[in-house]
Amino acid sequence: MADPQRRALAQPLLRALILLGAPGAGKGTQAREVARLYDVPHLSTGDMFREHVAKGTELGRRAKPIMESGKLVPDEIVLAMVEERVARKDCAAGFVLDGFPRTLPQAERLEEILACLPLRRALAVNLLVDDEAVVRRIAARRICNSCGAIYSAGEKMPRVEGKCDVCGGQVVQRPDDREDVVRQRLATYHEQTRPVTEFYRRRGQLLELDGSRDIASVQHELLALLARLHEQ
Ligand code: AMP
């Protein structure tokens, strides 16, 4: 790792870093690693919903059929969950958002929530990957059903087949990673989430990265970009 990146990682993130991009663009993989390196929480609304589904909570029962159809959970449910989460103490030095905001009302409400927190201006990073590459990537994706660690056939698989390297949990295919659901999720993304990218672009808070490269190259560029921000 280069010196400016090492220096940047020694300082607190002190902002909300928002990873945007289509399903399968690499938001989860990159968000986890950046959050680990900066030692801030990784807030994935998809992971939060999957946890509710696994625990069989009321929220999980409402979210499950929506998730399995590739559509979005209603804004008020997502917003209540995120609002409660970012108010916790461990978010004081910043956090990485993955899979949120996904609609304009979510982005607008997030701005209001962030305005009440003592953080630097939020930064959105859009990972660009074309639709066909997304479909191919998602077909190869597997996740740990306990800790959410992400694997990919051909690029990064668990050392022991079917068993998570991080927590020993079971590594499975997500039910919404079937091709028909992925196509619906992509349609939902283009319709409802693309305007969120424009929202941040208009506000001068958007940076874009080519997300089609391998995990390490995207990571390197993302860290370099954050280091440059720290040095400004
Ligand atoms: P993800 O793991 O981010 O791909 O999310 C999986 C599914 O959870 C999505 O397809 C949605 O059904 C639901 N979901 C996750 N985040 C959001 C959000 N911010 N707004 C609405 N639905 C969401």
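As the structure is a prediction and not an experimental result, all values here were calculated from the model. (Residues numbered from 1 in each chain as written. Predicted model: local features only at pLDDT ≥ 70, side-chain atom pairs only at ≥ 80, totals over all residues. Heavy atoms only, no water.)

(A) Summary view of the sheet that holds strand E4 (residues 123-128). Read from one edge of the open sheet, five strands run E2-E3-E1-E4-E8, paired in parallel fashion. Taken across any chain shown, the strands that pair with only one partner, and hence form the sheet edges, are strand E2 (42-44) and strand E8 (206-210). For this sheet the average axis-to-axis angle between neighbouring strands, irrespective of direction, equals 25°. As judged from the five bridges shared by E4 and E8, these two strands associate in the parallel manner. Across the sheet, Ala124 pairs through a bridge with Leu206, a residue of E8. Against the sheet, helix H3 (residues 45-55) contacts E2 and strand E3 (95-98), and its axis sits at roughly 65° relative to E2. (Pairing = 2+ DSSP bridges. Helix = DSSP H or I, 4+ residues; strand = E, 2+ residues; numbered from the N terminus. Axes fitted to C-alpha atoms, helices over the stretch in contact; angles between N-to-C directions. Contact = heavy atoms within 4.5 Å.)

(B) Quick peek at the site of the ligand. Around the ligand sit 16 residues, and of these Thr45, Arg50, Lys71, Gly99 and Arg102 come closest. One nitrogen or oxygen atom from the side chain of Arg102 is found 2.9 Å from an oxygen atom belonging to the ligand. Interatomic distance of 3.3 Å between a side-chain N/O atom of Arg185 and an oxygen atom of the ligand. The fraction of the free accessible surface of the ligand (470 Å²) that becomes covered by protein chains is 97%. Among the elements that make up the shell around the ligand, the one with the highest residue count is H3 (four residues). The class makeup of the residues in the shell around the ligand is six nonpolar, four polar and six charged. (Near = heavy atom within 4 Å. Polar contact = N/O pair within 3.5 Å; in protein donor to acceptor, adjacent residues only side chain to side chain. Areas by Shrake-Rupley, 256 points an atom, 1.4 Å probe, with all protein chains shown as cover. Nonpolar A, V, L, I, M, F, W, Y, C, P; charged D, E, K, R; others polar.)

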